Amino acid sequence: MKYSFSRKLNLRLVPLFDVHLVICYLVIGALLWTPVSAGAQVAALDSGRRLAEDTVFTEGRFQSATTAAVVKKRLLEPPANKSAMLNAVNTVAGVRMEERSPGSYRLNMRGSSLRSPFGVRNIKIYWNDIPLTDPGGNTYFNQLTLNSFSEMTFVKSTANTGYGAGTGGQVLIKNIPAKTTEASLELFGGSYQLRGVLASGNIAGAKSASRMSYSHNETEGYREQSAMRRDNFSWTSEFKISDKQQISANVLFADMYYQTPGGLTLKEFQANPRSARPAAGIFPSALDAKAAIFQRNFTAGLGYKNKISAAFSNSTTVYGSYNRVENSAVRNYEMRNEPHFGARTIFKLDKKIGNGNRIDWQNGAELQSGNFNVKVLGNRNGTADTLQTNDDVQTTVYTIFSQLVFDMANKWSYSAGLSYNKSRIAFERLSDHPVLNQPFSFSTELIPRFAISRAFGYNNSIGVLVSKSFSPPTVAELLPSTGVINTGLQAEKGWNYELMGKINSLPRLQIETSVFTFRLKDALVQRRDESGADYFTNAGGTRQSGIELFTRFNYIRRSSFIETGWLTASYTYSHFRYNEFEKDGNDFSGKVLPGIPSNTISVWGDAYLKNGLYLVGSYYGASSIFLNDANTVTAHPYHLAAAKIGYTTAIKKIQVNVYTGVDNLFNETYSLGNDINAAAGRYYNAAPRRNYYAGAAFSFAK
């Protein structure tokens, strides 16, 4: 039996995996029984090596003096259950993903989470060249699941001018259909009533390929009031019109519900970390308020690629998206309707010049526009009550950019880029009479980028990068959950200086490192009031310097009993400080930026035996974290270990993978996704202690 969640937060019992398995069978069956053209590319799976659906690993990437890291699908297993992608993302140096409660994620790239009480802000995210970041600056990263992407690239800080405003960087996600006709199904379950289904199918023809995936997972959660249910569907199709032209269609849909237990004081956290926020003063408990978020996201887009000539090409994407969110919070009940649309086009010249020289010149533009409505009402035991505010929000952002890379035959590479950015937001408070109009227009900014790199030896390189950044406040920062429009916020601006190097010539060993310093002016930082509602202010400035190191080593290859084995490690040092910051009579100059550990280390290793057995393990450690601007409260360091053992085999054309594992092996009591600068000391969101899971995956190819 399992729990499913009705619209009114009531729980009712239904048979386990009933409708979800029906959906899985329909997805797989429709694809496998669809007629394939005579030219279809069909390949049998490598015996015993193809494992579960959409597993991931990290690899570094350093090209044209751009700091990036890639999380890809791999035929090997991650050391965690597949309800979330924290373990995979946190292997990337300089990137930190947190889960405040199941379904509530926060993504931090070099300190960007200062602006994110939950969700993702100040980072631009694209899925198959479609912006998942809305024109208001917010991204619902939790709509993605492990089988809705095949590759995820993290471009840190201001390393690319082609994606507009933002100081945190970009996440570029690809969901690419395979060149074979295949299908897979995976079931898993674990502690705290964790249950999940991953299903996908892929059909490939001579001129077309299509991939469809479905995911369902749910859990009762470690804490009180932390249950979660999520359904995700994605479809990607590519069709080759001619040798030079291709069109693509993409659909991404997510329907999820997750409860929000709220922050605890240190005393409450130590007494019972599994408890939800209790009642305090005039505010009810998270249980009484039935604190939870209902979220639906739908995105659809069309892409067109045209190789105009041997050297000249164009790529264009148009899309439409709709987000509906209801937030039953301790303070109030918020309803958001967020339709938006946009387009992006890039013209690219890629041409060899002279003897061994090459020029790569990209020119393009991106436009996004949205017309949102935000209502804030009273919350009567989890039901929307009296209207407090009603706002229409019109927002438009556009970017025009150019980026040139010149690779010389002598192994030097020069890169320069420039983007022109504009952001307009207008609020219309319909609940006031007369109606209040509040427009915002953030100054047009020219964002330059310069880089030089030099390759030497076999695939080794060193480079320097200098770039400017600009990030205006998001709609959720101008109109936070307090319901008060903040007319005093300014855009944050800064310069990034970076030195990068890569060594890839040693046998089976890859090393990448980056040293950077980022000077940010008018940094946007988060505050929380006594009800837990967030609001924002500009800090005077920050100095964010750091070191990032990534290594990957194929320590064994085809021994007498081990097929292969990899060891991956990353280390991040963050020296992030306020430069000049005074607020409400308090001087925070020189203080450490809260919410970011000074040191993190991630290690991931695996061993695949020739008899089908495999072992996977990981370790993640973080130093202590300051939780407020005054640096008077800290979260203790923690050390997380995970381990998995599994077995793979082939039964005729069916590949089978069964596994079991454990997370938080050391049984740490720790807080993940802390509430920064929280009033009344409610900083702590307890993460699960030791927990277990098991699963089975089946895959098939025609």
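Bear in mind that the values here come from a model prediction, so they are computed numbers and not experimental data. (Residues numbered from 1 in each chain as written. Predicted model: local features only at pLDDT ≥ 70, side-chain atom pairs only at ≥ 80, totals over all residues. Heavy atoms only, no water.)

(A) Structural view of the overall build of the protein. Helix and strand counts for the protein stand at four helices and 40 strands. For the protein, with 702 residues in total, the buried portion stands at 60%. Sequence separation of 24 or more characterises 65% of the internal contacts of the protein that already satisfy a separation of 6 or more. As displayed, the protein has an accessible area near 27,300 Å², and 59% of this comes from carbon and sulfur atoms. (Helix = DSSP H or I, 4+ residues; strand = E, 2+ residues; numbered from the N terminus. Buried < 20%, exposed > 50% of the residue type's maximum accessible area, 1.4 Å probe, protein only. Contact = heavy atoms within 4.5 Å. Areas by Shrake-Rupley, 256 points an atom, 1.4 Å probe, with all protein chains shown as cover.)

(B) Examining the packing of aromatic side chains more closely. Under the counting rule described, the total for this entry stands at 16 aromatic pairs. Ring plane angle 20° and centroid distance 5.3 Å describe the contact between Phe269 and Tyr684, whose orientation is recorded as stacked. Linking Phe269 in helix α3 (residues 266-271) with Tyr684 in the loop between β39 (654-663) and β40 (691-701), this pair joins segments that are 415 residues apart in sequence. You'll find Phe269 and Tyr684 in the same group, each marked buried. Residues Tyr608 and Tyr614 carry aromatic rings whose centres are separated by 5.3 Å and whose planes lie at 20° to one another, so their mutual orientation is stacked. Ring-pair connections join several aromatic residues into one group, and the members of that group are Phe269, Tyr683 and Tyr684. Above the plane of the ring of Tyr659 lies Lys644, whose end atom (NZ or CZ) is 4.5 Å from the centre. (Phe/Tyr/Trp six-rings, centres within 6.5 Å; stacked < 30°, edge-to-face > 60°. Lys NZ or Arg CZ within 6 Å of the ring centre and 35° of its normal.)

(C) Inspection of the pattern of salt bridges at higher detail. For the coordinates displayed, the defined rule picks out 22 salt bridges. Put simply, Glu98 and Arg106 hold a salt bridge, and the shortest N to O gap is 3.1 Å. With respect to burial, Glu98 and Arg106 carry one shared label: buried. Residues Arg344 and Glu366 are paired through a salt bridge, measuring 2.6 Å at the closest nitrogen-oxygen approach. Linking Arg344 in strand β20 (residues 333-353) with Glu366 in strand β21 (residues 357-380), this pair joins segments that are 22 residues apart in sequence. One exposure class covers both Arg344 and Glu366, and it is buried. (Salt bridge = Lys/Arg side-chain N within 4 Å of Asp/Glu carboxyl O.)

(D) Structural detail: the confidence of the model for the protein. Mean pLDDT for the protein: 85, with 86% of residues reaching 70 or above. In the predicted structure, residues 1-19 sits below a pLDDT of 50 and forms 44 contacts with residues beyond four places in sequence or in another chain. Low confidence marks residues 25-65, where pLDDT is under 50. Its contacts with residues over four positions away, or in another chain, come to 154 contacts. (pLDDT = per-residue confidence, 0-100.)

(E) Focus on the pairing of strand β17 (residues 245-259). Extensive coverage of β17 is indicated by the burial of eleven of its 15 residues. Counting the residues between successive antiparallel strands, the hairpin from strand β16 (residues 228-240) to β17 contains four residues. With 15 bridges connecting them, β17 and strand β18 (residues 292-306) associate as antiparallel partners. Paired with Ala249 across the strands is Leu302, a residue of β18. (Pairing = 2+ DSSP bridges.)

(F) Molecular detail of the nonpolar core. Counting residues in hydrophobic clusters, the biggest one holds 31 residues, and the most contacted among them are Met85, Leu107, Phe141, Phe154, Val171 and Ile173. Sorting the residues of this core by element identifies α2 (86-89), β5 (95-101), β6 (104-109), β8 (124-127), β11 (151-156), β12 (169-174), β35 (613-622) and β38 (638-651) as the ones contributing at least two each. Core analysis: the second largest hydrophobic core is formed by 17 residues, Phe440, Ile447, Val475 and Ala491 among them. (Core = buried A, V, L, I, M, F, W, Y, C linked by side-chain atoms within 4.5 Å.)

(G) Highlighting unusual backbone geometry. A cis amide bond, omega 0°, links His433 with the succeeding residue Pro434. Mapped onto the secondary structure, Pro434 falls in the loop between β23 (412-429) and β24 (436-456). Unlike most non-glycine residues, Lys411 shows phi in positive territory, near 75°. Relative to the helices and strands, Lys411 resides in the loop between β22 (383-407) and β23.

(H) Spotlight on the side chain of Arg344. On the basis of relative accessible area, Arg344 is assigned to the buried category, the value being 7%. There is a polar contact of 2.6 Å between the side chain of Arg344 and the side chain of Glu366. The residues touching Arg344, leaving out its near neighbours within four places in the chain, are Tyr126, Asp129, Gly162, Tyr163, Ser315, Thr316, Thr317, Ala365, Glu366 and Phe401. (Polar contact = N/O pair within 3.5 Å; in protein donor to acceptor, adjacent residues only side chain to side chain.)

(I) Molecular detail of the environment of Arg358. By secondary structure assignment, the location of Arg358 is in strand β21. Take Arg358: its relative accessible area is 25%, and that puts it in the partly exposed class. Each C-alpha atom of the pair Arg358 and Phe406 lies 5.9 Å from the other, and the pair is 48 residues apart in sequence. If near-sequence neighbours (up to four positions away) are discounted, Arg358 is found in contact with Asp350, Lys351, Lys352, Ile353, Val405, Phe406 and Asp407.

(J) Inspection of the environment of Gly169 at higher detail. Examined against the element boundaries, Gly169 turns out to sit in strand β12. Along the backbone, Gly169 and Asn122 are 47 residues apart, and their C-alpha atoms lie at a distance of 7.5 Å.

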